Amino acid sequence: MKREKSQNLFNRTTGIIPGGVNSPVRACKSVGEEPVFIDYAEGCMIYDVDGNSFIDYIGSWGPMILGHRYPSVIRALGSALNRGTSFGAPSDLETRLAETVINAVPSIEMVRLVNSGTEAAMSAVRLARGYTGRDVIVKFDGCYHGHADTLLVEAGSGVATLGIPGSPGIPESIAQHTNSLPFNDIDCFKQFMDDRGDSIAAVIVEPVAGNMGLVPPVEGFLEILRSLTEKYGALLIFDEVMSGFRVAYGGAQSLYGINPDITCLGKIIGGGLPVGAYGGRKKIMEHIAPQGPVYQAGTLSGNPLAMAAGIATLLELKKPGFYEKINQKAERLVEGLKTAAVKREVQVQVKWVGGMLGLFFSDRDVKNFNDAKNCDLDMFAAYYKGMLKKGVFLAPSQFEAIFISAVHKSADIDKTIKAAEEVFEAL
Ligand SMILES: *Cc1c(COP(=O)(O)O)cnc(C)c1O
């Protein structure tokens, strides 16, 4: 596979952008690779500057659930473009995206639109602290909630890939207000809340964890988070930046039947443009400025292009049968990968919730961050490289999910399974 142009671009970029990338995992360091520079993408395919093509399972890390350049999204962007790219004053597009989100997500009565998932989670935590008058936050090991200071403690995704527990630059005085507990550990959470529940502002969780690979909640885990936060007057924040509109139209909360106090969204709701959102019950959301005292603002928030792409995307997802279709595709891939692994005698754990999948190189079930970290990371690296060579574009880390889109055809999925079987054989 020719990689010359990508290599040249990477060499040019490393001197002027830290690590040559604008988000760490893209550097592919942990799998011993250099990044592929992209030229364009169409449907479920992505094309690099050297003319190689790949079946795309990154999907821009989640947003591209309709695949790339989906016609109605491109049309909506075109018509928004004709009316201006940013106003700094409200437009009807913001109202429409807000209405769509409120109608879709059970626990959201009022929503504030921002520019990224990081902003959404950061603002949700500020709101929870402002609302409760408490400082302490509880999160879970391996869950990633963006890179705000308060939340970058035992975080998954890129920080896990790089093997660092937190980050220099975050004062101890800030990190000390964040407690990170093991994901899916009901007893540990109970104990913690019985000891310290009265001082907790919020418990934030990815209801379906997608930043340590894919780890679904065990039965009773989300229920205990809901009941004990309620008991101790803490807020429950579901970070559905990844799972929102991905595992179901109403997000993980609709799938598991748990209503959080605040929900964070991002990724899919921007249809591939930068958008985030946080929302919840009116009584809580009314504390945000200018209605209330908790300050949060954004020059480009509610950007018309981003709103248009988001609205057009959610309109497609709302069509009857959309999630059944996504689930069928995911199931085909999951079953195929499982069968291939058994055939080639490779020990893997394959997990799946809606349009999110995970494949771990482990002979044991993966229920939390520790289990994920104990997977065979060298084997993952070899698998990643093998799949890339065969034209399958996966996230370059064991600690990331696989994203499927509505436009992955059976033939694409079967090609992927065949590639995996050949790569497993060579491991
Ligand atoms: C991606 C992600 C974020 C961060 O969103 P950005 O848009 O990258 O800032 C936060 N939480 C979760 C669960 C995510 O998957």
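In this report, the structure presented in the accompanying data block is examined. Source: prediction; values computed, not measured.

Here is what the cut-offs are and how they apply
- Residues numbered from 1 in each chain as written.
- Predicted model: local features only at pLDDT ≥ 70, side-chain atom pairs only at ≥ 80, totals over all residues.
- Heavy atoms only, no water.
- Helix = DSSP H or I, 4+ residues; strand = E, 2+ residues; numbered from the N terminus.
- Rg over C-alpha atoms; globule rule 2.2 N^0.38 Å.
- Buried < 20%, exposed > 50% of the residue type's maximum accessible area, 1.4 Å probe, protein only.
- Axes fitted to C-alpha atoms, helices over the stretch in contact; angles between N-to-C directions.
- Parallel < 35°, antiparallel > 145°, perpendicular 65-115°, else oblique.
- Left-handed = near helix turned anticlockwise from the far one by under 90°.
- Contact = heavy atoms within 4.5 Å.
- Nonpolar A, V, L, I, M, F, W, Y, C, P; charged D, E, K, R; others polar.
- Phe/Tyr/Trp six-rings, centres within 6.5 Å; stacked < 30°, edge-to-face > 60°.
- Lys NZ or Arg CZ within 6 Å of the ring centre and 35° of its normal.

Okay, the overall build of the chain next. Within the chain one finds 15 helices and 14 strands. For the chain, whose C-alpha radius of gyration is 21 Å, the value lies close to the compact-globule estimate of 22 Å for 427 residues. Along the three orthogonal principal directions, the C-alpha set of the chain runs to about 55 × 55 × 50 Å. The proportion of buried residues among the 427 residues of the chain is 58%.

What follows deals with the packing of helix α2 (residues 71-81) against helix α11 (residues 304-317). Between α2 and α11, whose axes approach to 8 Å, the crossing angle comes to 150°. Considered as vectors, α2 and α11 are oriented roughly antiparallel to each other. The interaxial crossing formed by α2 with α11 has right-handed handedness. For the pair formed by α2 and α11, the contact residues are Ser72, Val73, Ala76, Leu77, Ala80 and Leu81 on the first element and Pro304, Leu305, Ala308, Ala309, Ala312, Thr313 and Glu316 on the second. Partitioned by chemical class, the residues of the contact of α2 with α11 number 10 nonpolar, 2 polar and 1 charged.

With that settled, consider the packing of aromatic side chains. Summed over the entire model, instances satisfying the criterion amount to 14 aromatic pairs. Between Tyr40 and Tyr47 the ring centres are 4.5 Å apart and the planes differ by 5°, which places this aromatic pair in the stacked class. The exposure class of Tyr47 is partly exposed, given its relative accessible area of 22%. With a centroid separation of 6.4 Å and an interplanar angle of 70°, the aromatic rings of Phe361 and Phe380 are classed as edge-to-face. In this pair, Phe361 is assigned in the loop between β12 (356-360) and α13 (369-373) and Phe380 in helix α14 (residues 377-389), connecting sequence segments 19 residues apart. Clustering of aromatic rings is evident, with ring pairs tying together Phe140, Phe183, Phe189 and Phe221. The lysine or arginine in question, Lys373, covers the ring of Phe369, its NZ or CZ lying 4.5 Å from the ring centre.

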